[in-house]
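For reference, the chains in residue letters:
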Amino acid sequence: MSAVIEMRAIKREYCMDSNKKKTASVIVRALRGVDFFANEGEFVSVMGPSGSGKSTLMNILGCLDKPTSGTYFLDGEETSKSDSNTFAYIRNRKIGFIFQSFNLLSRTTALENVELPLFYRREKFNKERAKEVLDEVGLSQRMDHYPSQLSGGQQQRVAIARAMVNDPAFLLADEPTGNLDSEMTLEIMALFQQLNDKGKTVIMVTHEPELAEYTKRIITLRDGLLVSDEQVKQRRL
Ligand code: ADP
C-alpha cells in the first residue's frame, strides 16, 4: 500500500506582535511536532477540542500553509520546499477540498461547478469527466440545476463531485456535514463510505464523535500534539 501522506515532526508557530512597542512578540505553538502517515484507501477523522490545532493541520495537509519546521510528503512529493506555483499546482491536482458551507458558485449549474477545477488546470472543459463524477455521487439527474434549486445534501454532493473531478490523491473534508440535518448527514457519510470503498482516501475533520464512527481511523489532537491514533471498527451505512 502506498503512502499518500507522510508528515514528520510538523511544527507550526504563529508569531504575534503583542503590541506596537518593541516588547517581545508572543509565539503561539499551534502544532508542536506532529507525525501523521496515511496510506491509500484510508478513511481518517481528525478530532480534538477547539484550539487543539485541527485547522492548522488541515491548512498544512491541504497545502494552503507551510509548517514552520518538519517535512510533508504528499504522494511521494516533498511539499514543504515547493515554491508558490508548485504549491498551487499540488493543491489543485492532488487535493479535493470539501467545506462545511459547500462553496458552490450560485450562478452556475451543478455541471459547471464540477467542471471548474478542470478549468483551473488549464485544460479544456471536459463535460464527460464532470458528468461521470456527478453520476458517481448520484446526481446525474440534477446536472443543469443551480445550487439554489438543490437541497443542502445535494449541494454537498455537487461539492464532492467537484472535489473528485481531478482524481485527487485524497479528499480533505472540513466538517462536511456541519450545515446539514441528520438525514442528509447520514447520506453524505454513506457517500464518503462508498467512495472510500472504491479506494479513495478520505481525511475528515469533525468535532462529532458519532460521525467519526463512520470512518476507519481516528486521530486526536490536543494542544498541538497528536495524542491518540486508533483504528476503529467502522459503523456502516
Ligand atoms: P482548532 O481548529 O482545533 O480549533 P486551530 O488550528 O485553529 O485549532 O488553532 C490552534 C492554536 O493556534 C490556537 O491556540 C489558535 O488560537 C492559534 N492560531 C490559529 N491560527 C492562528 C493565527 N493565524 N495566528 C495566531 N494564532 C493562531
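Residues numbered from 1 in each chain as written. Predicted model: local features only at pLDDT ≥ 70, side-chain atom pairs only at ≥ 80, totals over all residues. Heavy atoms only, no water.

### Topic: the sheet that holds strand β1 (residues 3-16)
If you walk across this open sheet you meet the 4 strands as β2-β1-β4-β5, and the pairing is antiparallel. With one partner strand each, in any of the chains shown, β2 (26-39) and β5 (77-78) form the two edges of the open sheet. Helix α1 (residues 54-61) rests against β1, β2 and β4 (69-74) of the sheet, and its axis sits at about 125 degrees to β1. (Pairing = 2+ DSSP bridges. Helix = DSSP H or I, 4+ residues; strand = E, 2+ residues; numbered from the N terminus. Contact = heavy atoms within 4.5 Å. Axes fitted to C-alpha atoms, helices over the stretch in contact; angles between N-to-C directions.)

### So, the nonpolar core
Residues Val114, Leu134, Val158, Ile160, Leu171 and Phe192 are the most contacted members of the largest nonpolar core, which totals 34 residues. At the level of secondary structure, the elements contributing two or more residues to this core comprise α3 (110-120), α4 (127-136), α5 (152-164), β7 (170-174), α6 (182-197) and β8 (202-205). Broken down by element, this core gets its largest block of residues, 6 residues, from α5. Residues contacting Leu134, with those up to four places away along its chain left out, are Ala110, Leu111, Val114, Leu139, Ser140, Met143, Val158 and Ala161. Of all hydrophobic cores here, the second largest spans 28 residues; its members include Ile10, Val46, Ile60 and Phe97. (Core = buried A, V, L, I, M, F, W, Y, C linked by side-chain atoms within 4.5 Å. Buried < 20%, exposed > 50% of the residue type's maximum accessible area, 1.4 Å probe, protein only.)

### Some points on the sheet that holds β7
Reading across the sheet, the 6 strands line up as β6-β7-β8-β3-β9-β10 and stay open at both edges, with mixed pairing between neighbours. Because the sheet does not close on itself, it has two edges, and the strands there are β6 (95-98) and β10 (225-231). Each adjacent strand pair in this sheet contributes to an overall mean axis angle of 20 degrees, direction not counted. Bridge count for strand β3 (residues 43-47) against β8 is 4 bridges, and the pairing is parallel. Across the sheet, Ser45 pairs through a bridge with Met204, a residue of β8. Sheet strands in contact with helix α2 (residues 84-94) are β6 and β7, and its direction is about 70 degrees off that of β6. Sheet contacts for α6: β3, β6, β7 and β8; angle to β3, the most-contacted strand, approximately 135 degrees.

### Things to note about the site of the ligand
Around the ligand, the structure places Tyr14, Met16, Val28, Ala30, Pro49, Ser50, Gly51, Ser52, Gly53, Lys54, Ser55 and Thr56. Within the contact set of the ligand, an oxygen atom lies 2.9 Å away from a side-chain nitrogen or oxygen of Lys54. About the coverage of the ligand: the protein hides 62% of its 560 Å² of free accessible area. Looking at the shell around the ligand, the elements with two or more residues in it are β1, β2 and α1. The element that contributes the greatest number of residues to the shell around the ligand is α1, accounting for 3 residues. For the shell around the ligand, the residue count by class is 5 nonpolar, 6 polar and 1 charged. (Near = heavy atom within 4 Å. Polar contact = N/O pair within 3.5 Å; in protein donor to acceptor, adjacent residues only side chain to side chain. Areas by Shrake-Rupley, 256 points an atom, 1.4 Å probe, with all protein chains shown as cover. Nonpolar A, V, L, I, M, F, W, Y, C, P; charged D, E, K, R; others polar.)

### Examining the pairing of β3
When you tally the buried positions in β3, you get 5 out of 5 residues, the bulk of the element. Of the two faces of β3, the one lined by Phe43, Ser45 and Met47 and the one lined by Val44 and Val46 are each fully buried. In the sheet, β3 pairs with strand β9 (residues 217-222) via 4 bridges, with the strands oriented parallel. Bridge pairing links Ser45 to Ile218 in β9.

### With respect to the packing of aromatic side chains
Under the defined criterion, the tally for this structure stands at 2 aromatic pairs. Taking 6.4 Å as the distance between ring centres and 55 degrees as the angle between the ring planes, the aromatic pair formed by Phe43 and Phe192 counts as tilted. With Phe43 in strand β3 and Phe192 in helix α6, the pair connects residues that are 149 residues apart, well separated along the chain. Looking at Phe43, the relative accessible area reads 0%, which means it is buried. Phe192 sits in the buried class, given a relative accessible area of 0%. Above the plane of the ring of Phe87 lies Lys66, whose end atom (NZ or CZ) is 4.8 Å from the centre. (Phe/Tyr/Trp six-rings, centres within 6.5 Å; stacked < 30°, edge-to-face > 60°. Lys NZ or Arg CZ within 6 Å of the ring centre and 35° of its normal.)

### Structural notes on the side chain of Asn196
Topologically, Asn196 is positioned in helix α6. For Asn196, a relative accessible area of 3% corresponds to the buried category.

### Quick notes on unusual backbone geometry
Phi angles above zero are rare outside glycine, and Ala9 is one such case at about 50 degrees. With respect to the helices and strands, the residue Ala9 is situated in strand β1. Judged by its relative accessible area of 40%, Ala9 falls in the partly exposed class. Residue Cys63 is not a glycine yet carries a positive backbone phi of 55 degrees. Structurally, the position occupied by Cys63 is in the loop between α1 and β4. The class of Cys63 is buried, set by a relative accessible area of 0%.

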